[in-house]
Structures are given as C-alpha cells and as structure tokens.
Amino acid sequence: MADNPLAVPAAETNQWTWAPLEQTLGYCLTEVQKNRLTYYVKELRLWNAMAGLVGPAALPELDTVHLPDAALLIPHVGSGLGMADLGSGGGIPGLVIGLILYPGIEIDLIESSGKKTKFLKWVVQNLKLEDRIKIINKRAEELRHGKRYRCIISRAVGSLAYGADHAWPLLRPGGEYLILKGPRLKEELREWTEEKGAQRYAPPEILSASASDRESVVVRLCRPEKEEWSP
C-alpha cells in the first residue's frame, strides 16, 4: 500500500465515470473526494472475494448505480452530525457519504459482521478519517440502551418494517430514519400500514428517486418529538 492513500494515479481515477454521482449530487467532486472514493472502490474490489462485502453483480455498477444511490441521501441528512448507518455492510451508503462530506460529518457505521467491520476500519484508518467516522462492530439490538442519533440511514437491511423497528430505539425523539428502498417499496408500504410499530412514526415520506433503472428512492420516517404511542 502506498504511504499516502490519497496519492492515487490519474489513470485509476479515470477507470469509471463520475458523471452519475456528480449528477445526483448536483455539483462536481473535488480531486480529494475523487481520490478518497477511488481508494475505497479499489480496496472494496480487493477485499470482496474474501469478505463478501457486496454481491458480485454490484461491482460493475458501483459508479453508475450504487455510489449515486448512496448520494441520494446527502440532501436529506441535514447538518451531517449525529448520524449512524445501520447495517453498513461494505460501506454503502454510510462510508460513501462520509468520504464525500468529510470533514463536515460525524457518523457511526454500525455493522455486526467482523469481516465487514475490519474492511471499514481499514479504509477509514488509512484515509485518516477516524476523527469523524467511527466503526461499531455490534448488532442494533446491543445498542438499544446507548447513544441516540439525530439521523439514521440504511440500505438493504430487510423490509421497511424490519429496519424501522431496529432504528427506533437508536433515534432521539424528533430524529429521522432515512432508508434507501427499491422496486418493492409499494408492497412494503402496504405491509407497513399493517404493522403495529408503524404507529410510532409519523407517516412515511418519499423524498427523492434515482435516475438509474434500479428505481431507488429515499423514504423518511420521523420519530415524533412528543410520543403518545405505547407497545
């Protein structure tokens, strides 16, 4: 590994297109942001075979689908402080957002898999971002009586109801749960209305949609400031 992970040769940063990500963001990436993301993607490819970070089909679509979809969340995360990514996996969306917004972010990446946690720590430590991006190797259930977050994000953690149930104890009153969902959203919303736990949240909002053919959308669930719900 090079002494400076940000010293990425220009040829490597040009191996894929930045246009879909920049189109989603609405602005051009800086060279530092491109270099961070290039290092992340390079390490993701190297680690994937042994750690199963993402499915093999996802690798060719990182630049055209998965990074842009992660960026869909950025306009909705507010100050970028007091955040957590629930079920970080290989770093999408939490680590990607952290690499783009650093240093204007404070985010905890919560991941129960030891292999995936090791990868996340590797990237964050080598890019020297530990002051703003923390890795927590625990299940959500283990954190129920700990820190509360202003904003929790997630992707691919199961159904809307499943994710919302695990996010609830980690949210402050008035906090927001932002979920990247796919083409099953309509079905999941119908199922959600039948869940008793849905009464805890304000009605879901659809915030933004992907330009890709994956039909990704951001759904927001808010935990009320004043809560009248009881189990």
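The text that follows walks through the structure, step by step, so that each part is easy to find. (Residues numbered from 1 in each chain as written. Predicted model: local features only at pLDDT ≥ 70, side-chain atom pairs only at ≥ 80, totals over all residues. Heavy atoms only, no water.)

The next point concerns the state of the cysteines. Inspection of every chain in the model, using the stated rule, returns zero disulfides. A disulfide-free cysteine, C151 has its sulfur positioned 9.5 Å from the sulfur of C222, the nearest such atom. A residue is classified by how much of its surface remains accessible, and C151, at 0% relative accessible area, is buried. (Disulfide = S-S within 2.5 Å. Buried < 20%, exposed > 50% of the residue type's maximum accessible area, 1.4 Å probe, protein only.)

Here the focus is unusual backbone geometry. Cis rather than trans, the peptide bond between I92 and P93 has omega equal to 15°. By the element assignment, P93 lies in the loop between β1 (83-86) and α5 (94-101). Even without being glycine, K128 reaches a positive phi, approximately 60°. With respect to the helices and strands, the residue K128 is situated in the loop between α6 (114-126) and β3 (133-136). Backbone geometry places A156, a non-glycine residue, at a positive phi of 55°. Here A156 shows up in the loop between β4 (149-155) and α7 (160-167). With relative accessibility at 69%, the residue A156 sits in the exposed group. (Helix = DSSP H or I, 4+ residues; strand = E, 2+ residues; numbered from the N terminus.)

Among the seven residues in β4, five count as buried, and that is most of the element. As paired elements, β1 and β4 share three bridges and run parallel to each other. Paired with M83 across the two strands is C151, which belongs to β4. One ladder, built from six bridges, connects β4 with strand β5 (residues 171-181); its direction is parallel. The residue of β5 that forms the bridge with S154 is I179. Once you follow β4 into α7 and on to β5, the crossover reads as right-handed. (Pairing = 2+ DSSP bridges. Right-handed = clockwise from strand over helix to strand, strands pointing away.)

With that settled, consider the packing of α7 against helix α8 (residues 185-193). In the contact formed by α7 and α8, the axes pass within 8 Å of each other and the chain directions differ by 55°. One way to sum up the angle between α7 and α8 is to call them oblique. Contacts between α7 and α8 pair L160, A161 and A164 from the former with E188, L189 and W192 from the latter. Across the contact of α7 with α8, the residue classes break down as five nonpolar, no polar and one charged. (Axes fitted to C-alpha atoms, helices over the stretch in contact; angles between N-to-C directions. Parallel < 35°, antiparallel > 145°, perpendicular 65-115°, else oblique. Contact = heavy atoms within 4.5 Å. Nonpolar A, V, L, I, M, F, W, Y, C, P; charged D, E, K, R; others polar.)

Once that is clear, we can look at the nonpolar core. L21, L37, Y40, L95 and I153 are the most contacted members of the largest nonpolar core, which has 48 residues in total. Within the second largest apolar cluster, 25 residues are counted, among which are I152, V157, A161 and A198. (Core = buried A, V, L, I, M, F, W, Y, C linked by side-chain atoms within 4.5 Å.)

Scanning the model with the defined rule gives eleven salt bridges in all. Note that R200 and D165 form a salt bridge whose closest N and O atoms lie 3.2 Å from each other. Within this pair, whereas R200 is found in the loop between α8 and β6 (205-209), its partner D165 is found in helix α7, the two being separated by 35 residues in sequence. With a closest N to O distance of 3.6 Å, E191 and R184 form a salt bridge. (Salt bridge = Lys/Arg side-chain N within 4 Å of Asp/Glu carboxyl O.)

Along the chain, K34 turns up in helix α3 (residues 31-51). Given a relative accessible area of 17%, K34 falls into the buried group.

What follows is about the environment of G182. With respect to the helices and strands, G182 occurs in the loop between β5 and α8. The exposure class of G182 is partly exposed, given its relative accessible area of 25%. Each C-alpha atom of the pair G182 and S216 lies 4.6 Å from the other, and the pair is 34 residues apart in sequence.

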